[in-house]
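What follows is each chain in one-letter form.
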2 protein chains.
Amino acid sequence: MRDTYRAQLRETMADLARMVDLVHTALADATTALLTADLPLAEQVISKDRLIDELAEELERRTFSMLARQAPVAGELRTVFSAIRMLGELTRMGDLAAHVAKIARLRFPEHAVPDNLQDNFRKMAEVAGSMVADASTMLRDLNVDTAGHLAAEDTVMDELRRDQFRTLVDGTWTHSVEAAVDTALLGRYYERIADHAVEIAERLVYVVTGDDPV
Amino acid sequence: MRDTYRAQLRETMADLARMVDLVHTALADATTALLTADLPLAEQVISKDRLIDELAEELERRTFSMLARQAPVAGELRTVFSAIRMLGELTRMGDLAAHVAKIARLRFPEHAVPDNLQDNFRKMAEVAGSMVADASTMLRDLNVDTAGHLAAEDTVMDELRRDQFRTLVDGTWTHSVEAAVDTALLGRYYERIADHAVEIAERLVYVVTGDDPV
């Protein structure tokens, strides 16, 4: 492997990790805004989503010019392809965090999440946050040994979502239809953030090992 | 513009259009399965989603080897980058059509969509289907004059989703919480399919004109 390629790979993945860190903060802040009905924090997450989009555009341009400057070899192409797809995933993750914040804003000064689901959402956010942090570490260390850990966390996320559905449809729901709709959509947003983290890890496996993402 | 590049661009975009057509069929069938509680059709949409994923993988490999064979010029790189992103959008659109079919399957022999929202969902599916068909035509003709039409259709989609929310939360909802949750998620799936169609059109504007997607 050419040294310059290795250096470039590290740089590209470190750039992506910076973006993952912005997503991690957005997710944590959106969750706090949601669970504590914190309007200024919700507004902040929503307005800062633009920064994530701008960073994605900057990184796409940089990847593009890196490729245009030299005739890339197969490994470099793989990196570039994967980086482009990861940028797409990360942009969506930022959007999803902003969607969580928008529901918090929409229901303010009420709490969007009913008392009996606060704990469920706290756990969902913890698992999603941990998955995003794992993805960041993997990108920085170019170490994919923990890819299996993300898959296990995603299973926990799916279980939390099922718990949530059971609470919604077991016939004991005393909250409004509106709260049920918010819960279903919020659950979907957290689950999708987790899915994107898994997809980033799978893409990184492909970059580092050349194995097709499964 | 080099002739070979022009030919390659046409070929790549025509390949993408084939994938759009598969998504169009999946969406139409999923909607029929949903609105008529047709279990075999729902199963068919779900199992055929694998074909869309496989075509995406094949097209990604082909794009990859096209790039590896020759030193690409800027316009070619733009095409390849955009094709990779569009493949991601289309794979998700296929997944979303399958999600619609899965809700139809889950509620069979019941209808997932209550009577008073059947018309709303029929319109949503019509608008989404028309947007997907527009994207296919644009990709085949490399003509982006109709990109504005997609944006207008997306506005109609947003209005239909707002109508749906009003029906859910205006205090007259007599159906189950489960039906409300299904409605919210189904509405989200159709809206996301429409969003992806808009993103494909914007990417194509970038490919054809070099203008940044807005």
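Parameters and conventions
Residues numbered from 1 in each chain as written. Chains lettered and ligands numbered in written order. Predicted model: local features only at pLDDT ≥ 70, side-chain atom pairs only at ≥ 80, totals over all residues. Heavy atoms only, no water. UniProt positions renumbered as here; feature names shortened; annotations may be inferred. Helix = DSSP H or I, 4+ residues; strand = E, 2+ residues; numbered from the N terminus. Rg over C-alpha atoms; globule rule 2.2 N^0.38 Å. Contact = heavy atoms within 4.5 Å. Areas by Shrake-Rupley, 256 points an atom, 1.4 Å probe, with all protein chains shown as cover. Lys, Arg positive; Asp, Glu negative; His and termini not counted. Charge placed at Lys NZ, Arg CZ, Asp CG, Glu CD. Least-squares fit on C-alpha atoms with pLDDT ≥ 70 in both. Expected span 1.5 Å × (residues − 1). Buried < 20%, exposed > 50% of the residue type's maximum accessible area, 1.4 Å probe, protein only. Salt bridge = Lys/Arg side-chain N within 4 Å of Asp/Glu carboxyl O. Phe/Tyr/Trp six-rings, centres within 6.5 Å; stacked < 30°, edge-to-face > 60°.

- The name recorded for chain A in an unreviewed UniProt entry is Phosphate-specific transport system accessory protein PhoU, from bioreactor metagenome.
- According to its UniProt record, chain A has this under Subunit (unreviewed entry): "Homodimer."

**Concerning the overall build of chain A**
Part 1 of the argument: Looking only at helices and strands, one finds 6 helices and 0 strands in chain A.
Part 2 of the argument: The C-alpha radius of gyration of chain A comes to 19 Å, within 12% of the 17 Å expected for a compact globule of 214 residues.
Part 3 of the argument: In terms of its C-alpha atoms, chain A occupies a principal-axis envelope of roughly 60 × 30 × 20 Å.
Part 4 of the argument: A separation threshold of at least 6 residues defines the contact pool for chain A, and within that pool the share at least 24 residues apart is 83%.
Part 5 of the argument: Accessible surface, chain A as shown: approximately 9,000 Å² in total, 52% of it carbon and sulfur.
Part 6 of the argument: If the 24 positive side-chain charges of chain A are averaged to one point and the 37 negative ones to another, these points end up 4 Å apart.

**Overview of the relation of the copies chain B and chain A**
Part 1 of the argument: Aligned on chain A, chain B shows an RMSD of 0.0 Å; the corresponding rotation is 180° and the shift along the axis is 0.0 Å. Such a turn and shift between the copies fits a two-fold axis.

**What to know about helix α3 (residues 74–107) of chain A**
Part 1 of the argument: Over its 34 residues, α3(A) runs 50 Å from end to end, which matches the ideal 50 Å to within 8%, given 1.5 Å per residue.
Part 2 of the argument: For α3(A), the tally of buried residues reaches 28 of 34 residues, placing the bulk of the element in the interior.

**Let's talk about the side chain of R107(B)**
Part 1 of the argument: With respect to the helices and strands, R107(B) occurs in helix α3 (residues 74–107).
Part 2 of the argument: Sequence-distant contacts of R107(B), defined by excluding residues within four places in its chain, comprise A112(B), E178(B) and D182(B).

**So, the pattern of salt bridges**
Where side chains of opposite charge bring their charged atoms close, a pairing between them can arise.
Part 1 of the argument: Taken as a whole, this structure holds 38 salt bridges over all chains when the rule is applied.
Part 2 of the argument: Between D53(A) and R50(A) there is a salt bridge, with its nearest N and O atoms 3.9 Å apart. Linking D53(A) with R50(A), this pair stays in helix α2 (residues 39–69), spanning 3 residues, or about one helical turn.
Part 3 of the argument: Take D53(A): its relative accessible area is 16%, and that puts it in the buried class.
Part 4 of the argument: Here E58(B) ties to R62(B) by a salt bridge, and the two come within 2.6 Å at their closest N and O atoms. Placement of both E58(B) and R62(B) in helix α2 (residues 39–69) is noted, with a separation of 4 residues, approximately one turn of the helix.

**Thoughts on the environment of G187(A)**
All names here are of chain A.
Part 1 of the argument: Its location among the elements puts G187 in helix α6 (residues 177–209).
Part 2 of the argument: In this structure G187 comes out as buried when scored by relative accessible area, which is 0%.
Part 3 of the argument: It is 17 Å that separates the C-alpha atoms of G187 and V132, two residues lying 55 residues apart in sequence.
Part 4 of the argument: Every residue in contact with G187, bar those within four places of it in the chain, is listed here: F121, M124, R161 and Q164.

**Here we look at the packing of aromatic side chains**
All names here are of chain A.
Part 1 of the argument: Enumeration according to the criterion identifies 2 aromatic pairs over all chains in this entry.
Part 2 of the argument: Seen from their ring centres, F121 and Y190 are 6.0 Å apart, and the 55° between their planes marks the pair as tilted. In this pair, F121 is assigned in helix α4 (residues 115–141) and Y190 in helix α6, connecting sequence segments 69 residues apart.
Part 3 of the argument: Taking relative accessible area as the criterion, F121 reaches 0% and is therefore assigned buried.

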